[in-house]
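Coordinate analysis (summary)
For reference, the chains in residue letters:
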Amino acid sequence: MRNDQIFVLMLVVLLPMSGCFDGAVGDAEGTDESESTVINNYYNNTTVEQNSPPVLVGGIALTSSCPINPECGVNEMIWPTLSGFSMVQDYDGHVVSFGIDLDLDLTIDFEMPGNYSQYEMRMSFEMNESLLNPIQESYYSTSPSMVDVGRSYCYQIVNIIAIDDDDAATISPQVWIFDWDTESETCVIEP
Ligand SMILES: [Ca+2]
Ligand SMILES: [Ca+2]
């Protein structure tokens, strides 16, 4: 076989193979590009899901309060009012709503005023007595010597809710305790 014949034979064999190599390299590059696109989408999605809900400290209770502090007579006291020390912070945004949910539908019934980021006394005179609906319960214990065993009291569970500007809510359930009147056999929802 002559040298030029060998060269032609090698060309015949190598040319189709080089085509395979080119194609393989092209495919590999294409795969890399689509993978990097997927990773970018992943980071974008993660950023959206990383909103922190508000952090809340403190609580809200029922009390008798006077709208004109501090010189207020007993007959000027209003009951029930909502009050309590609290602070609400949103570390990656701001709080847009803070208050109490009395009928447990996860919607705030009464907003609490003030600067949310300060730990301060908040008070609302908007409270409505018709939303107080405590349930009777009895103290019980395995020890018969306990003074309270058999006596009744009343309670109502309420939600304290804070919502941030990304619509994330922090819900903190609290228990309000009321007296039970043995004569009328009703929960006492008076001061
Ligand atoms: Ca937030
Ligand atoms: Ca509600």
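Residues numbered from 1 in each chain as written. Chains lettered and ligands numbered in written order. Predicted model: local features only at pLDDT ≥ 70, side-chain atom pairs only at ≥ 80, totals over all residues.

Along the backbone of the protein there are one helix and 10 strands. Tracing the protein from N to C terminus, the helices and strands come up as α-β-β-β-β-β-β-β-β-β-β. Across the 191 residues of the protein, 14% fall into the buried class. Restricting the contact set of the protein to residue pairs at least 6 apart, pairs at least 24 apart contribute 54%. (Helix = DSSP H or I, 4+ residues; strand = E, 2+ residues; numbered from the N terminus. Buried ≥ 20, exposed ≤ 12 C-beta atoms within 10 Å, placed from the backbone. Contact = placed C-beta atoms within 7 Å.)

With that settled, consider unusual backbone geometry. Here the bond from Trp79 into Pro80 is cis, since omega is -5 degrees, no more than 30 degrees from zero. Assignment of secondary structure puts Pro80 in strand E3 (residues 78–89). Phi is positive for Leu106, which is not a glycine, with a value near 65 degrees. With respect to the helices and strands, the residue Leu106 is situated in the loop between strand E4 (95–101) and strand E5 (110–111). Here the phi dihedral of Glu185 falls at roughly 50 degrees; this positive angle occurs in a residue that is not glycine. Turning to its location among the elements, Glu185 is positioned in the loop between strand E9 (169–181) and strand E10 (186–188). Under the C-beta neighbour-count criterion, Glu185 is labelled exposed, with 9 such atoms within 10 Å.

A few words now on the nonpolar core. Counting 16 residues, the largest nonpolar core has Ile60, Leu82, Val88, Phe98, Ile100, Ile160 and Ala162 as its most contacted members. If you list the elements that add at least two residues to this core, you get E3, E4 and strand E8 (152–164). Ranked by residue count, the leading element in this core is E8, at five residues. (Core = buried A, V, L, I, M, F, W, Y, C linked by C-beta atoms within 7 Å.)

Another point: the pairing of E9. Looking at chain direction, E8 and E9 are connected through 11 bridges and run antiparallel. Within the sheet, the bridge partner assigned to Asn159 lies in E9 and is Pro173. Here E8 folds back onto E9, and the loop between the two strands holds four residues, one of which, Asp167, carries a positive phi near 70 degrees. Here E9 pairs with E10 via three bridges, running antiparallel. Bridge pairing in E10 links Asp181 to Thr186. Connecting E9 to the next strand, E10, in antiparallel fashion are four residues, including Glu185 with a positive phi near 50 degrees. (Pairing = 2+ DSSP bridges.)

Moving on, we get to the environment of Glu111. Position of Glu111 among the secondary structure elements: in strand E5. As a C-alpha pair, Glu111 and Ile160 span 49 residues in sequence and 10.0 Å in three-dimensional space. Aside from chain neighbours lying at most four places away, what touches Glu111 is Ser97, Phe98 and Gly99.

Here Ser152 lies in strand E8. Of the residues examined, Ser152 has 15 C-beta atoms within 10 Å and is grouped as partly exposed. In this structure the C-alpha to C-alpha distance between Ser152 and Glu185, which are 33 residues apart in sequence, comes to 9.6 Å. In this view, Ser152 contacts Gln136, Glu137, Ser138 and Trp180; residues no more than four positions away in its chain are not counted.

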